[in-house]
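# Observations on the three-dimensional arrangement
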Amino acid sequence: MLIALDAGHYLGTPGKRCLKSIDPGETREWVLNSRIAEKVQKILADYQVNILRLDGPTGQRDVTLQERTDKANRAKADLYLSVHANAGINGGSGGGIVLYAYSYPDEESIRVRDTIYRYTVSTTGLKGNRANPKTTANFHVLRESNMPAVLGEFGFMDSTTDTPIILTEEFADHCADGIAAALVALYGLEEKQVSYEQWKQYMDRYRRDLAAQAADPWAVPFIAQAIDAGLMTDVGGTIERPRDFVTRQELATSLAATVKK
(Lines give C-alpha, C1' and ligand atoms only; values in the text may rest on other atoms or scores of the structure.)
Protein backbone atom coordinates (compact mmCIF):
# COMPACT_ATOMS: atom_id res chain seq x y z
CA MET A 1 0.00 0.00 0.00
CA LEU A 2 1.18 3.54 -0.80
CA ILE A 3 -0.05 6.53 1.22
CA ALA A 4 0.55 10.03 -0.18
CA LEU A 5 1.15 12.22 2.87
CA ASP A 6 0.90 15.99 2.48
CA ALA A 7 1.87 18.57 5.11
CA GLY A 8 -0.18 21.51 3.87
CA HIS A 9 1.32 24.83 2.69
CA TYR A 10 4.95 25.94 3.24
CA LEU A 11 6.76 28.29 5.61
CA GLY A 12 6.08 31.39 3.53
CA THR A 13 2.38 30.89 2.82
CA PRO A 14 0.78 34.30 3.59
CA GLY A 15 -1.42 34.36 6.66
CA LYS A 16 -0.97 30.71 7.54
CA ARG A 17 0.29 31.10 11.09
CA CYS A 18 -0.90 31.17 14.68
CA LEU A 19 -2.58 34.32 15.97
CA LYS A 20 0.05 36.60 17.50
CA SER A 21 -2.05 37.53 20.53
CA ILE A 22 -2.13 33.84 21.50
CA ASP A 23 1.26 32.73 20.13
CA PRO A 24 3.79 35.62 20.11
CA GLY A 25 6.09 33.53 17.93
CA GLU A 26 3.37 33.22 15.27
CA THR A 27 4.24 29.60 14.54
CA ARG A 28 3.72 28.84 10.86
CA GLU A 29 1.09 26.31 9.91
CA TRP A 30 3.53 24.21 7.90
CA VAL A 31 5.59 23.68 11.07
CA LEU A 32 2.56 22.23 12.86
CA ASN A 33 1.51 20.18 9.83
CA SER A 34 4.96 18.80 9.08
CA ARG A 35 5.58 17.83 12.69
CA ILE A 36 2.46 15.66 12.71
CA ALA A 37 3.23 14.23 9.24
CA GLU A 38 6.77 13.31 10.27
CA LYS A 39 5.50 11.53 13.37
CA VAL A 40 2.92 9.60 11.32
CA GLN A 41 5.66 8.62 8.89
CA LYS A 42 7.90 7.46 11.73
CA ILE A 43 5.15 5.32 13.30
CA LEU A 44 4.18 3.73 10.00
CA ALA A 45 7.82 2.91 9.21
CA ASP A 46 7.27 -0.15 11.40
CA TYR A 47 4.40 -1.34 9.19
CA GLN A 48 4.18 -2.87 5.75
CA VAL A 49 3.22 0.35 4.00
CA ASN A 50 5.06 2.94 1.92
CA ILE A 51 4.81 6.69 2.49
CA LEU A 52 5.18 9.31 -0.25
CA ARG A 53 5.69 12.85 1.13
CA LEU A 54 4.30 15.48 -1.21
CA ASP A 55 5.39 18.74 0.46
CA GLY A 56 8.93 20.10 0.55
CA PRO A 57 11.08 18.50 3.28
CA THR A 58 12.29 21.85 4.65
CA GLY A 59 9.19 23.95 4.03
CA GLN A 60 11.27 26.49 2.14
CA ARG A 61 9.78 25.85 -1.31
CA ASP A 62 6.16 26.40 -2.23
CA VAL A 63 5.24 23.05 -3.75
CA THR A 64 2.07 23.84 -5.69
CA LEU A 65 -1.14 21.93 -5.17
CA GLN A 66 -0.95 20.75 -8.78
CA GLU A 67 2.54 19.36 -8.20
CA ARG A 68 1.31 17.51 -5.15
CA THR A 69 -1.69 15.84 -6.76
CA ASP A 70 0.26 15.10 -9.96
CA LYS A 71 2.95 13.35 -7.89
CA ALA A 72 0.38 11.28 -6.00
CA ASN A 73 -1.44 10.36 -9.22
CA ARG A 74 1.76 9.36 -11.04
CA ALA A 75 2.75 7.15 -8.13
CA LYS A 76 -0.73 5.56 -8.15
CA ALA A 77 -1.06 6.12 -4.41
CA ASP A 78 -3.84 4.24 -2.63
CA LEU A 79 -4.74 7.13 -0.32
CA TYR A 80 -4.13 10.89 -0.20
CA LEU A 81 -3.90 12.36 3.31
CA SER A 82 -3.40 16.10 3.72
CA VAL A 83 -2.51 17.46 7.18
CA HIS A 84 -3.53 21.02 8.06
CA ALA A 85 -4.38 23.34 10.93
CA ASN A 86 -7.49 25.50 10.86
CA ALA A 87 -8.33 29.20 11.38
CA GLY A 88 -11.36 31.46 11.36
CA ILE A 89 -12.24 31.90 15.03
CA ASN A 90 -10.27 35.17 15.33
CA GLY A 91 -9.32 34.83 18.97
CA GLY A 92 -12.47 33.09 20.12
CA SER A 93 -12.60 30.00 22.30
CA GLY A 94 -14.15 27.48 19.90
CA GLY A 95 -12.38 25.01 17.68
CA GLY A 96 -11.67 21.33 17.38
CA ILE A 97 -10.66 18.81 14.73
CA VAL A 98 -12.39 18.89 11.33
CA LEU A 99 -12.02 16.26 8.58
CA TYR A 100 -12.96 16.79 4.92
CA ALA A 101 -13.70 14.60 1.93
CA TYR A 102 -14.45 15.89 -1.59
CA SER A 103 -17.80 17.56 -2.24
CA TYR A 104 -18.87 14.49 -4.25
CA PRO A 105 -17.08 11.86 -2.17
CA ASP A 106 -16.60 8.18 -2.79
CA GLU A 107 -17.48 5.72 -0.06
CA GLU A 108 -13.84 4.98 0.79
CA SER A 109 -13.02 8.64 1.37
CA ILE A 110 -15.98 8.92 3.72
CA ARG A 111 -14.86 5.79 5.58
CA VAL A 112 -11.30 7.11 5.95
CA ARG A 113 -12.49 10.60 6.93
CA ASP A 114 -14.82 9.35 9.64
CA THR A 115 -12.32 6.85 11.05
CA ILE A 116 -9.44 9.34 11.27
CA TYR A 117 -11.78 11.83 12.93
CA ARG A 118 -12.89 9.28 15.51
CA TYR A 119 -9.37 8.13 16.32
CA THR A 120 -7.74 11.59 16.51
CA VAL A 121 -10.50 13.02 18.71
CA SER A 122 -10.02 10.01 20.98
CA THR A 123 -6.22 10.36 21.22
CA THR A 124 -6.09 14.18 21.49
CA GLY A 125 -9.38 14.98 23.24
CA LEU A 126 -9.73 17.97 20.87
CA LYS A 127 -13.38 17.49 19.92
CA GLY A 128 -14.25 21.17 19.85
CA ASN A 129 -17.62 22.71 19.10
CA ARG A 130 -17.94 22.47 15.31
CA ALA A 131 -21.48 21.80 14.14
CA ASN A 132 -20.25 19.53 11.33
CA PRO A 133 -16.72 18.26 12.04
CA LYS A 134 -16.96 15.53 9.38
CA THR A 135 -17.78 17.36 6.19
CA THR A 136 -17.00 17.93 2.49
CA ALA A 137 -15.26 20.62 0.45
CA ASN A 138 -14.09 21.36 -3.09
CA PHE A 139 -10.40 21.58 -2.14
CA HIS A 140 -7.92 20.97 -4.96
CA VAL A 141 -6.17 18.04 -3.28
CA LEU A 142 -9.51 16.30 -2.74
CA ARG A 143 -10.86 17.06 -6.20
CA GLU A 144 -7.79 16.38 -8.36
CA SER A 145 -6.45 13.24 -6.69
CA ASN A 146 -7.34 9.96 -8.40
CA MET A 147 -7.49 8.00 -5.17
CA PRO A 148 -9.56 8.28 -1.98
CA ALA A 149 -8.54 11.52 -0.29
CA VAL A 150 -9.11 13.30 3.00
CA LEU A 151 -7.90 16.58 4.47
CA GLY A 152 -7.63 17.03 8.21
CA GLU A 153 -7.67 20.35 10.06
CA PHE A 154 -6.17 19.41 13.41
CA GLY A 155 -7.11 22.32 15.64
CA PHE A 156 -7.47 26.08 15.17
CA MET A 157 -4.47 28.40 15.10
CA ASP A 158 -6.54 31.40 16.25
CA SER A 159 -8.44 29.76 19.10
CA THR A 160 -7.65 30.56 22.71
CA THR A 161 -8.62 26.97 23.48
CA ASP A 162 -6.88 25.09 20.67
CA THR A 163 -3.72 27.07 19.99
CA PRO A 164 -1.89 26.43 23.30
CA ILE A 165 -2.68 22.73 22.83
CA ILE A 166 -1.71 22.28 19.18
CA LEU A 167 1.61 24.04 19.75
CA THR A 168 2.77 21.27 22.07
CA GLU A 169 4.84 18.25 21.14
CA GLU A 170 2.42 16.13 23.15
CA PHE A 171 -0.49 17.09 20.90
CA ALA A 172 1.52 16.25 17.77
CA ASP A 173 2.39 12.86 19.28
CA HIS A 174 -1.23 12.08 20.16
CA CYS A 175 -2.53 13.32 16.81
CA ALA A 176 -0.01 11.20 14.89
CA ASP A 177 -0.87 8.21 17.09
CA GLY A 178 -4.53 8.65 16.19
CA ILE A 179 -3.91 9.01 12.45
CA ALA A 180 -1.59 6.00 12.34
CA ALA A 181 -3.93 3.85 14.45
CA ALA A 182 -6.83 4.75 12.17
CA LEU A 183 -4.87 3.72 9.08
CA VAL A 184 -3.77 0.47 10.70
CA ALA A 185 -7.38 -0.32 11.59
CA LEU A 186 -8.75 0.72 8.18
CA TYR A 187 -6.32 -1.28 6.08
CA GLY A 188 -5.22 -4.04 8.42
CA LEU A 189 -1.61 -2.89 8.20
CA GLU A 190 0.79 -5.46 9.59
CA GLU A 191 4.01 -4.75 11.42
CA LYS A 192 7.22 -5.50 9.57
CA GLN A 193 9.00 -8.69 10.55
CA VAL A 194 12.50 -8.05 11.88
CA SER A 195 15.10 -10.47 10.54
CA TYR A 196 17.79 -11.93 12.76
CA GLU A 197 20.43 -9.77 11.08
CA GLN A 198 18.35 -6.63 11.67
CA TRP A 199 17.76 -7.61 15.28
CA LYS A 200 21.49 -8.23 15.75
CA GLN A 201 22.29 -4.80 14.30
CA TYR A 202 19.83 -3.17 16.71
CA MET A 203 21.26 -5.11 19.66
CA ASP A 204 24.87 -4.30 18.73
CA ARG A 205 23.97 -0.61 18.49
CA TYR A 206 22.15 -0.78 21.82
CA ARG A 207 25.17 -2.43 23.45
CA ARG A 208 27.46 0.29 22.06
CA ASP A 209 25.13 2.95 23.47
CA LEU A 210 25.16 1.28 26.86
CA ALA A 211 28.93 0.90 26.82
CA ALA A 212 29.37 4.62 26.18
CA GLN A 213 27.36 5.61 29.28
CA ALA A 214 29.03 6.45 32.58
CA ALA A 215 28.08 4.74 35.81
CA ASP A 216 25.27 6.17 37.92
CA PRO A 217 26.64 8.29 40.80
CA TRP A 218 25.19 5.97 43.45
CA ALA A 219 27.16 3.02 41.97
CA VAL A 220 30.57 4.73 41.79
CA PRO A 221 31.75 3.93 45.36
CA PHE A 222 30.70 0.29 45.01
CA ILE A 223 32.55 0.03 41.71
CA ALA A 224 35.67 1.49 43.36
CA GLN A 225 35.43 -1.10 46.14
CA ALA A 226 35.10 -3.94 43.63
CA ILE A 227 38.13 -2.68 41.69
CA ASP A 228 40.20 -2.26 44.87
CA ALA A 229 39.28 -5.81 45.92
CA GLY A 230 40.44 -7.13 42.53
CA LEU A 231 37.00 -8.40 41.61
CA MET A 232 36.63 -6.29 38.48
CA THR A 233 38.94 -4.93 35.80
CA ASP A 234 40.32 -1.46 36.34
CA VAL A 235 40.42 0.52 33.09
CA GLY A 236 41.69 4.02 33.61
CA GLY A 237 40.51 4.12 37.18
CA THR A 238 36.98 2.91 36.54
CA ILE A 239 35.20 -0.28 35.59
CA GLU A 240 34.81 -0.92 31.89
CA ARG A 241 31.28 -0.63 30.42
CA PRO A 242 29.52 0.01 33.77
CA ARG A 243 26.00 0.16 32.22
CA ASP A 244 26.42 -2.77 29.81
CA PHE A 245 25.19 -6.34 30.26
CA VAL A 246 27.33 -8.89 32.13
CA THR A 247 28.14 -12.05 30.18
CA ARG A 248 28.36 -15.46 31.84
CA GLN A 249 32.13 -15.53 31.36
CA GLU A 250 32.52 -12.10 32.97
CA LEU A 251 30.32 -13.14 35.86
CA ALA A 252 32.28 -16.37 36.28
CA THR A 253 35.55 -14.43 36.40
CA SER A 254 34.25 -12.11 39.13
CA LEU A 255 32.79 -14.99 41.13
CA ALA A 256 36.05 -16.92 40.92
CA ALA A 257 37.96 -13.90 42.18
CA THR A 258 35.47 -13.58 45.04
CA VAL A 259 35.95 -17.22 46.01
CA LYS A 260 39.73 -16.79 46.08
CA LYS A 261 39.37 -13.87 48.46
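Provided above is the structure to which this section pertains.
Read on for an overview of the structure. (Residues numbered from 1 in each chain as written. Predicted model: local features only at pLDDT ≥ 70, side-chain atom pairs only at ≥ 80, totals over all residues. Heavy atoms only, no water.)

### Overview of the overall build of the chain
Selection rule: Runs of H or I in DSSP of at least four residues are treated as helices and runs of E of at least two as strands, each being numbered from the N terminus. Note on classification: 1.4 Å probe, protein chains only; a residue is buried when its accessible area is under 20% of the maximum for its type, exposed when over 50%, partly exposed between these limits. Note on definitions: a residue-residue contact is assigned when non-hydrogen atoms from the two residues lie within 4.5 Å.
On a plain count of helices and strands, the chain comes out with nine helices and eight strands. The principal-axis extents of the C-alpha atoms in the chain amount to approximately 85 × 45 × 35 Å. Counting the 261 residues in the chain, one finds 41% classified as buried. A separation of at least 24 residues holds for 78% of the contacts in the chain among residues at least 6 apart in sequence.

### Examining a nonpolar patch on the surface
As a reminder of what qualifies: To count toward a patch, a residue needs a relative accessible area above 30% and no salt bridge. Like charges then connect within 9 Å, nonpolar side chains (Val, Leu, Ile, Met, Phe, Trp, Tyr) within 5 Å. Only the protein chains shown count as cover for residues, and the accessible areas themselves come from Shrake-Rupley with a 1.4 Å probe. A pairing counts as a salt bridge when a side-chain nitrogen of Lys or Arg comes within 4 Å of a carboxyl oxygen of Asp or Glu.
A cluster of nonpolar side chains, Val 194, Tyr 196, Trp 199 and Tyr 202, forms an exposed patch at the surface whose accessible area comes to about 470 Å². Among the secondary structure elements, Val 194 is positioned in the loop between α6 (169-187) and α7 (196-211).

### Description of the sheet that holds strand β2 (residues 50-53)
Defined as follows: Pairing between strands is defined by DSSP: at least two bridges between them are needed. Comment: axis = line fitted to C-alpha atoms, over the contacting stretch for helices; angle = value between 0 and 180 degrees taken between N-to-C directions.
The strand order across the open sheet formed by six strands is β2-β1-β3-β6-β4-β5, and the pairing between neighbours is mixed. In this open sheet, the two edge strands, each paired with only one partner strand, are β2 and β5 (134-137). Within this sheet the neighbouring strands show an average axis-to-axis angle of 30°, counted without direction. The sheet strands contacting helix α1 (residues 29-44) are β1 (2-7), β2, β3 (79-86) and β6 (149-156), and the helix crosses β1 at an angle near 155°.

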